[in-house]
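So you can see what is in the structure, the chains are spelled out below.
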Amino acid sequence: MPSIQLRSATVDFPIYNARTRSLRHGLLRRVGGRIQPQGDLVTVNALRDVTLSLHAGDRLAILGGNGAGKSTLLRVFAGSYEPSSGTADINGSVSSLLDITLGMDFELTGEENILLRGAFVGMSRQEVKQRIPEIAEFSELGEYLHLPVRTYSSGMMLRLAFAISTARAPDILLLDEMIGVGDRAFITKTSKRLEKLMDTASILALASHDTATLSRYCNRAVLLQEGSIVMEGSLATVFKAYEATSPSDNLRQPS
Ligand SMILES: Nc1ncnc2c1ncn2[C@@H]1O[C@H](COP(=O)(O)OP(=O)(O)OP(=O)(O)O)[C@@H](O)[C@H]1O
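The protein chain appears in an unreviewed UniProt entry as ABC transporter ATP-binding protein from Dyella tabacisoli. Comment text from UniProt for the protein chain, heading Sequence similarities (unreviewed entry), reads "Belongs to the ABC transporter superfamily."

So, in structure tokens, the structure goes:
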């Protein structure tokens, strides 16, 4: 059965050559993970001591202010980030629609990129080859698939990236905001495909600032602040806490 199990997962980003002196005497700030200066090294604690279990049927809403750690948490779910301490056990196939153009080579053609990016998202070469006609049809790029991706408009590139990233239904689907790709007609098509993937995924995690969207797709929620889960529970309870969080609640001196 698909599952995600995080035990005391912490993600730290060491920043070398940062101006630790000015940071130590830094201004009040409203956003981001905790900044810890240690000698010449600065560490940003993007995620701190997160323990969380997700099982089949869970649809998790992830809330928090800018820099609270939402994308970092999703990247740990995706296996893109290993916790610096603690553990993350992920069981099941994962589709992450976080960085959909990552792994594409703009010098290669659209079709070559289908093979490249397909492998990047975990498909075998044979599976990608079988899926090329369907991906090509969904992207509606036609003859452009034989031209280098650098000749595409940004919307065309996103069409291709979206078509590849959503080509197969995953057990675990990860989304950072609902993505709308392309022109009006294409957005309708992408929304339909996304909704289908969301319906069929065993586990869904969706980070968003929009509580109406989260209400529509999720059945439990967590609220992050400075990389820690400060509240976990029903959507109603967590939304109330999120909406009550005034910007000044995050206003504190760097430690
Ligand atoms: N590659 C990185 N290097 C250094 N620090 C990082 C890196 N990625 C994220 N951070 C830091 O980690 C913290 C959490 O960032 P994250 O992107 O997870 O926040 P978020 O909740 O998704 O924010 P937003 O709502 O603004 O997208 C922030 O303080 C950010 O500065």
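## Comments concerning the nonpolar core
Counting residues in hydrophobic clusters, the biggest one holds 44 residues, and the most contacted among them are Leu 63, Ile 114, Leu 160, Leu 173 and Leu 175. With seven residues, the single largest contributor to this core is helix H5 (residues 154-165). There are two domains that each give this core at least three residues, and those are domain 1 (3-96 + 207-250) and domain 2 (105-165). Ignoring any residue separated from it by four or fewer positions in sequence, one finds Leu 160 in contact with Met 104, Gly 110, Asn 113, Ile 114, Ser 139, Leu 141, Leu 145, Val 149 and Tyr 152. Membership of the second largest hydrophobic core comes to 23 residues, among which are Leu 47, Val 50, Val 76 and Ile 172.

## Remarks on the pairing of strand E2 (residues 34-38)
Two elements, E2 and strand E3 (residues 41-55), share five bridges in a ladder whose sense is antiparallel. In the strand pairing of E3, Arg 34 is matched with Asn 45. Connecting E2 to the next strand, E3, in antiparallel fashion are two residues, including Gly 39 with a positive phi near 65°.

## A short note on the packing of aromatic side chains
As enumerated under the stated definition, the model contains four aromatic pairs in all. Ring plane angle 25° and centroid distance 6.1 Å describe the contact between Phe 138 and Phe 162, whose orientation is recorded as stacked. Of this pair, Phe 138 sits in helix H4 (residues 125-139) while Phe 162 sits in helix H5, and the two are 24 residues apart along the sequence. Both residues of the pair, Phe 138 and Phe 162, belong to the buried class. Linked through ring pairs, Phe 138, Phe 162 and Phe 186 together constitute an aromatic cluster. Its end group placed over the ring of Phe 186, Arg 159 keeps NZ or CZ at 4.0 Å from the ring centre. Seen from the ring of Phe 138, Arg 193 lies directly overhead, with NZ or CZ sitting 3.7 Å from the centre.

## Overview of the site of the ligand
As a matter of local geometry, the ligand sits amid 15 residues, with Gly 33, Gly 67, Lys 70, Ser 71 and Thr 72 nearest to it. Contacts to the ligand include Asn 66, whose side-chain N or O atom sits 2.9 Å from an oxygen atom. At a separation of 2.7 Å, an oxygen atom of the ligand approaches a polar side-chain atom of Ser 71. Taking 640 Å² as the accessible area of the ligand by itself, protein coverage stands at 65%. Elements that contribute at least two residues to the shell around the ligand include exactly strand E1 (3-15), E3 and helix H2 (70-78).

## Here we look at the sheet that holds strand E5 (residues 85-91)
Spatially, the four strands line up as an open sheet ordered E2-E3-E1-E5, and their pairing is antiparallel. Two strands in the sheet have a free side with no partner beyond their single neighbour: E2 and E5. Between one strand axis and the next, the sheet turns by 30° as a mean value, whatever way the strands run. Relative to E3, E1 is paired through 10 bridges, and the arrangement is antiparallel. Considered in E3, the bridge of Val 11 is made with Leu 47.

## Brief notes about the pattern of salt bridges
Summed over all chains, the structure comprises 14 salt bridges. Arg 34 serves as the salt-bridge partner of Glu 226, at 3.8 Å between the closest nitrogen and oxygen. Of this pair, Glu 226 sits in the loop between strand E9 (220-225) and strand E10 (228-233) while Arg 34 sits in strand E2, placing them 192 residues apart in sequence. For Glu 107, the salt bridge goes to Arg 150, with nearest N and O atoms at 3.0 Å. A residue pair is termed long-range when its members are at least 10 positions apart, and Glu 107 in the loop between strand E6 (94-96) and helix H3 (110-120) and Arg 150 in the loop between H4 and H5 qualify at 43 residues. The class for Glu 107 is exposed, based on a relative accessible area of 51%. In the salt-bridge network here, residues are joined through shared partners; they are Glu 140, Arg 159, Asp 183 and Lys 189.

Rules behind the numbers
Residues numbered from 1 in each chain as written. Predicted model: local features only at pLDDT ≥ 70, side-chain atom pairs only at ≥ 80, totals over all residues. Heavy atoms only, no water. UniProt positions renumbered as here; feature names shortened; annotations may be inferred. Core = buried A, V, L, I, M, F, W, Y, C linked by side-chain atoms within 4.5 Å. Buried < 20%, exposed > 50% of the residue type's maximum accessible area, 1.4 Å probe, protein only. Helix = DSSP H or I, 4+ residues; strand = E, 2+ residues; numbered from the N terminus. Domains from an automatic or database assignment. Contact = heavy atoms within 4.5 Å. Pairing = 2+ DSSP bridges. Phe/Tyr/Trp six-rings, centres within 6.5 Å; stacked < 30°, edge-to-face > 60°. Lys NZ or Arg CZ within 6 Å of the ring centre and 35° of its normal. Near = heavy atom within 4 Å. Polar contact = N/O pair within 3.5 Å; in protein donor to acceptor, adjacent residues only side chain to side chain. Areas by Shrake-Rupley, 256 points an atom, 1.4 Å probe, with all protein chains shown as cover. Axes fitted to C-alpha atoms, helices over the stretch in contact; angles between N-to-C directions. Salt bridge = Lys/Arg side-chain N within 4 Å of Asp/Glu carboxyl O.

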